[in-house]
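Each chain, letter by letter, is given below.
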Amino acid sequence: MTQSSLFNLRSLPFLFRMGICTLVITLLGGYIVSGIHLRWHYDNRDGDDGLTMNDIIGAYHGVQTPSPLISALESGHPESIEDDERSALLDWLKSDRVSTDYDNLDLGDLAPSEIIAVSCLDCHSRSASGPDSFPSVSLEYWDDIDKIAHTKDIQPSPVEITAMSQHVHAPMMAIVMLVLAACCAMTRYSLRLIGLIVFITGFGLMIDMAGWWIARDVASFAYAIVIGGSLYAIGTTLTCCLILLDCVLPASKKA
């Protein structure tokens, strides 16, 4: 089923259609910038470079990521370390004096720097070689250790901030899609196709907005936020493309 209304985009004057095109292109540019802003906003929340699901889960639910050193020690690595040395390292990493006690001389042979130098640097130094070496995870200097010694506790955004953000985003994003849907319904393309795109886009926005709140209690629902947001982005992009094509392409002889 195609659009058969007497009022359609391709029947509008040339400058009118070009004006619509400039507005739609500006809207697409704004969405691109919004995507970049979202990446900057969520990036590095977990202390690691690059945007990951941990960053997003942390923003809406909160995430506590154990120190990689703690995880390694509790899993029994390295096997050669003495029990008292392993306990000393774990106590140090779980304390609030990680940087202060790293090379504390008062700790003697149980100072973390001494234990690491004796038990770890054979495999975890930049010059390490051999089948069991990991030069990419160097423990030679404090700057290396500082990156993986701390437990990361990412707290979610306060409820007030979430509500303030959604009360702006939800209405505006819905209104934008309503306008795009109305314009798209005036194009030459199948109304069934357009209806499917509009439904998927609206459903994605609903899931995205609901996920902001559900993810506060259910961490896995952060994936629904990503999926819903992606559906909305894809849907708005498709409707914009259909509108642009209808405004630019010449009308068929039948039309």
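1. Points about the pattern of salt bridges
Point 1. Under the definition given, this model contains six salt bridges.
Point 2. Between Arg 10 and Asp 246 there is a salt bridge; the shortest N-O distance is 3.9 Å. In this pair, Arg 10 sits in the segment before helix H1 (14–42) while Asp 246 sits in helix H9 (residues 222–248), placing the two residues 236 residues apart along the sequence. Each member of the pair, Arg 10 as well as Asp 246, is classed as buried.
Point 3. Residue Asp 246 is joined to Arg 188 by a salt bridge in which the shortest nitrogen-to-oxygen separation is 2.6 Å. Of the two residues, Asp 246 sits in helix H9 while Arg 188 sits in the loop between helix H7 (159–184) and helix H8 (191–214), which places them 58 residues apart along the sequence. Pair check on accessibility: Asp 246 and Arg 188 agree, each one buried.
Point 4. Linked through salt bridges whose partners overlap, the residues forming this network are Arg 10, Arg 188 and Asp 246.

2. A closer look at the packing of helix H4 (residues 83–93) against helix H5 (residues 112–119)
Point 1. The geometry of H4 relative to H5 is characterised by a closest axis approach of 10 Å and an angle of 130° between their N-to-C directions. As far as their axial angle goes, H5 and H4 are oblique. The two elements H4 and H5 meet at a crossing, and its hand is left-handed. Side by side, H4 and H5 meet where Glu 85, Ala 88, Leu 89 and Trp 92 of the first sit next to Pro 112, Ile 115, Ile 116 and Ser 119 of the second.
Point 2. Its residues assigned to classes, the contact of H4 with H5 comprises six nonpolar, one polar and one charged.

3. Remarks on H7
Point 1. A rise of 1.5 Å per residue sets the reference length of H7, with its 26 residues, at 38 Å; its end C-alpha atoms lie 36 Å apart and thus fit the reference within 8%.
Point 2. All of the buried residues along H7 are Thr 162, Gln 166, Met 173, Met 177, Leu 180, Ala 181 and Cys 184.
Point 3. On the buried face of H7, the contacting elements are H1, H8 and H9.

4. Let's talk about the nonpolar core
Point 1. Membership of the largest hydrophobic core comes to 32 residues, with the highest contact counts inside it found for Leu 9, Ile 20, Val 24, Tyr 60, Leu 242, Ile 243 and Cys 247.
Point 2. Among the elements of the structure, H1, helix H2 (53–60), H7, H8 and H9 are those that each provide at least two residues to this core.
Point 3. In terms of residue count, H9 provides more of this core than any other element does, eight residues in total.
Point 4. Excluding its chain neighbours within four sequence positions, the residues that come into contact with Cys 247 are Leu 9, Arg 17, Met 18, Ile 20 and Cys 21.
Point 5. Counting residues in hydrophobic clusters, the runner-up holds 18 residues, among them Leu 73, Tyr 102, Ile 115 and Ile 116.

Each value, and the rule that gives it
Residues numbered from 1 in each chain as written. Predicted model: local features only at pLDDT ≥ 70, side-chain atom pairs only at ≥ 80, totals over all residues. Heavy atoms only, no water. Salt bridge = Lys/Arg side-chain N within 4 Å of Asp/Glu carboxyl O. Helix = DSSP H or I, 4+ residues; strand = E, 2+ residues; numbered from the N terminus. Buried < 20%, exposed > 50% of the residue type's maximum accessible area, 1.4 Å probe, protein only. Axes fitted to C-alpha atoms, helices over the stretch in contact; angles between N-to-C directions. Parallel < 35°, antiparallel > 145°, perpendicular 65-115°, else oblique. Left-handed = near helix turned anticlockwise from the far one by under 90°. Contact = heavy atoms within 4.5 Å. Nonpolar A, V, L, I, M, F, W, Y, C, P; charged D, E, K, R; others polar. Expected span 1.5 Å × (residues − 1). Core = buried A, V, L, I, M, F, W, Y, C linked by side-chain atoms within 4.5 Å.

Honestly, that's just the spatial picture; any functional story needs more than this.
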